[in-house]
Each structure stands twice: as C-alpha cells, then as structure tokens.
Amino acid sequence: MSATVTTTKSTSAPGKGNGPASRMSLGKVLLIVAGALIALSVLRALVDAAQQADFDRVTSSGQIGAALSMAVPIGLAGLGGLWSERAGVVNIGLEGMMILGTFFGAWAGYQTNPWVGVLAGVLGGAVGGLVHAVATVTFGVDHIISGVAINILALGATTYLAKRWFEPLGDIGGSPKNSPQVDPIQTFTVPGLSDWLADLENHHWFLVSDIAGILGGLVTDISALTIVSVLLVAGSFFALWRTSFGLRLRSCGENPTAAESLGVNVYLYKYTAVVVSGALAGLGGVFLALVRSHIYNEGQTGGRGYIGLAAMLFGNWRPGGLAMGAGLFGYSDALQLRNGGATVHALLLLVALGLAVLAGWRIVRKSYVAGAVSGAAAVALLLWYALTDTVPNDLVSATPYIVTLLVMGLASQRLRMPKANSKPYRKGQGT
C-alpha cells in the first residue's frame, strides 16, 4: 500500500497581501523620490515662467518649512489613528481630541510656559481617547457614533470653557474665541549647512537648487515639537513592529479571540492603544496652537483630524506611508496658502501628466475602465490648464481637501485594514 501526499502550493501572487513580499523595495522608494523631485523641479520652472509677481518658489526653503509645519499635526493625528486601528478600534474622534489639545495646550501655556502647555494638551487628548475607549471597548458603542459624539462634545466643551476662561482676559488678548498669546517653543537651525544650502538655492539651478531648497527647509528654524514628532513616528514603528508589546497589540486588531486564547489581555491593549491615540492627536492640536499660531483659536483644527485619517489610510496603516501621506497633504496646504492661484494652476498640468501615466499603467494591466476614467480626467485637466491662466481663489483654498479626495480615490484599491477593525469584542470569547 502506498500513501499519496498532496502538496498544496500557495495561490497568492508575489507582492500581494501583507507579508514581506508586499513591502516596497528600496530601489522603488528611491525611484519614487527621484521622480517626485524632478516633478517638483518642473513645477517650479512652470510657475517661475507664469508668475509676474514675486511669489515664493514652490521648492524654496520657506515653502518646505511651511509644508513641514502643516504636515506635523496631520501626521500626529494619523499616527494616533494608526495606534487605535491597529488594536481594532476606529477613531473618528481624532478631530475632537485635537480640539482638546489646542484648547488645553493654550490654556496651560499662557499661564505657565509652553512645555507645560504641551503636557496639558497631550493629557486633554488622552482624556478624549479614554472616553472613546470606555464607550467602544467596555460598552460596545458603535465606533463611528462614539467618535462623532466626541467631536461634537469637544467642540461644545471648548466653546463653553473659552467663554468662561478667556473672555475675562480681554486686557491681555483673550476673547470668547481665542486665548491670550503663548510664548513660542524653541526652534533649531543647523549652523553652516543652512547657509550653504541657501546659497545653492539662490543660484536657481534646475534640480540642484530645488534639492537645496528642500533640504534647507528641513534644517532651518525647525521647532522642537517637529523633532519630537519625527521621533514619535520612528518610535511607533519600533514599538508596534519590533517588540512583543506591539505584536500583542496588533493581534488584538487582527484576531482578538485568538489573542485572548494565548493569554493576551485584549481590553488592556485596546485601552492603551486608544488612549495613546488620543494623546498623539492632542499633541497635534498643541502643535497648531503653540507652534503654528502661538494662540488658541476656535475652529483652528480645520478638519485636520479627518485628513490625518486619510493620511493613515494612504499609508496602509504603516508609519512610513503615513508620513509620506502627511507630507503630501501638508505640502498642498502650504502651497495654496503661500503661492495662490498661479501655483495651483501649474499643479493642474502636473496632475494631468500623472493621471496620463496612471491611465497607461491601468490599460497595460488590462483595467480598461479605470484607465479610461484616468485618461478622461487627464484630458479635462489639460484643457483646463490650456484655457485658463489661474485658478479661482475659492478653489485654491480647497486644494488640500481636493488632494485628499484624489489621493484616497487612487490609493483605495490597495488598502488592507486590520481584520478585526471596528468589530465588536467581548471578554471571554477566546476561552
């Protein structure tokens, strides 16, 4: 008698899924970076040719510095969403937690010093995360409903407290809608390197000066909170992907029942993740209040909590991709604030060329409908660029939100969220 052994081969194609094969190689990353640099150089040349006024160059150190300061609060909110969702809890309440961070950061900052304000803002956001954790993890409230409720409650609470705490301080700049001025947080510049890069930038050489401007923006007048934020992104990657703590936390977002059967306290890890999520979003709010404007203003978050979620999705629930998404959204935000319609008009041509390339790639992959849609959009943008000289101001102000929608529409086909994300869990299911 002979035994027959059947060997089953994996049907998953290389590069698909969530394993090591799906990670982007270093060569591809460098190719994307090089392509982005060349595209920015072309965009700068187009804008320089079109502009008659003395606008900031789109690759100037000032533009990049502004983009970095716009990207940091978005990235911190997205990082908060990553912690929460990796543990299986959707956190739509990031916007409200950022609002709490702006308010309590400015409130404590003007009374003492900005670093005490940073701590207060982080604690304010963490309290918002704790409320969300109690509602979703302990009581099983729908994650979306809980998050929306926190956004509404945070806005209402800070509006009420601003009237009580800031309105009596009118003699030092307080009002029902803003706090008194807060002392600035320290900034750092790399001596020598910053001046050398500025000299290179002023030569206006194609690509070389553009690279110098980009690097110059990253080493000139950098806030201490920006450095902290970069360290938090790196630290989050290490904590979630290189430690046993991170493995257990991520298992709660993939299969909490199996995690519990192996002795993991799922409730504890979910609570920890959501509280950390709120603290990070609160820090993003602190950045807006103490670095961007040195003051609390009602409504100053401007939907950045939601854009942070979009950055997290763009990055496919990983810190590196999240940072890239935050940088893209921050750059588009700074672009419309500092350069206006002429730059956004040149951006139309760049986006059209990108869509044309995407259309060709879709057709090669035999995705004819998607390729036709991308090609039609590219033709429409080319016609818009050719028939106009600028973009209306109302549309310019909406640039970061339009970019968010476009990016999410293009990236959504490759997303893979944690399997147990937003699914209800009750203690004891794994026993």
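Scroll up to find the structure this text is about.
Residues numbered from 1 in each chain as written. Predicted model: local features only at pLDDT ≥ 70, side-chain atom pairs only at ≥ 80, totals over all residues. Heavy atoms only, no water.

### Some words on the overall build of the protein
From N to C terminus, the protein includes 17 helices and 2 strands. Taking all 431 residues of the protein together, the buried fraction comes to 46%. Accessible surface, the protein: about 21100 Å² in total, of which carbon and sulfur atoms supply 67%. (Helix = DSSP H or I, 4+ residues; strand = E, 2+ residues; numbered from the N terminus. Buried < 20%, exposed > 50% of the residue type's maximum accessible area, 1.4 Å probe, protein only. Areas by Shrake-Rupley, 256 points an atom, 1.4 Å probe, with all protein chains shown as cover.)

### Some thoughts on the nonpolar core
Grouped together as the largest cluster of nonpolar side chains are 29 residues, with contacts concentrated most on Leu82, Trp83, Leu240, Leu249 and Met312. Counting residues per element, the ones that place at least two in this core are α2 (61-86), α3 (94-111), α8 (224-241), α9 (244-254), α11 (266-292) and α12 (304-314). Per-element tally for this core: the top contributor is α11, with 6 residues. The residues contacting Trp83, other than those within four sequence positions of it, are Ser236, Ala239, Leu240, Phe245, Leu249, Ala273, Val276 and Leu280. In this structure, Val286, Ala289, Leu290 and Val291 belong to the second largest nonpolar core, which totals 20 residues. (Core = buried A, V, L, I, M, F, W, Y, C linked by side-chain atoms within 4.5 Å. Contact = heavy atoms within 4.5 Å.)

### Some details on the packing of α3 against helix α5 (residues 143-165)
Running from N to C, α3 and α5 point in directions that differ by 20°, and their axes come no closer than 7 Å. Taken together, the axis directions place α3 and α5 in an arrangement best described as roughly parallel. α5 is crossed by α3, and the crossing has left-handed handedness. Only Ile150, Asn151, Ala154, Leu155, Thr158, Leu161, Ala162 and Trp165 of α5 make contact with α3, whose side of the interface consists of Leu94, Glu95, Gly96, Met97, Ile99, Leu100, Phe103, Phe104 and Trp107. (Axes fitted to C-alpha atoms, helices over the stretch in contact; angles between N-to-C directions. Parallel < 35°, antiparallel > 145°, perpendicular 65-115°, else oblique. Left-handed = near helix turned anticlockwise from the far one by under 90°.)

### What to know about unusual backbone geometry
For Asn316, which is not glycine, the phi dihedral falls at a positive 55°. In this structure, Asn316 sits in the loop between α12 and α13 (319-338). Owing to a relative accessible area of 22%, Asn316 belongs among the partly exposed residues under this scheme. At Lys366, a residue that is not glycine, the phi angle is positive and equals roughly 65°. With respect to the helices and strands, the residue Lys366 is situated in the loop between α14 (341-364) and α15 (368-387).

### Comments concerning the pattern of salt bridges
This structure, assessed with the given rule, holds 4 salt bridges. For Glu254, the salt bridge goes to Arg416, with nearest N and O atoms at 2.8 Å. Taken together, the residues Glu254 in helix α9 and Arg416 in the segment after α17 (399-411) connect sequence positions 162 residues apart. Arg304 is paired through a salt bridge with Asp333; the nearest N and O atoms lie 3.3 Å apart. A residue pair is termed long-range when its members are at least 10 positions apart, and Arg304 in helix α12 and Asp333 in helix α13 qualify at 29 residues. Assigned by exposure class, Arg304 and Asp333 land together as buried. A single network of salt bridges, built from pairs that share partners, joins Arg86, Glu254 and Arg416. (Salt bridge = Lys/Arg side-chain N within 4 Å of Asp/Glu carboxyl O.)

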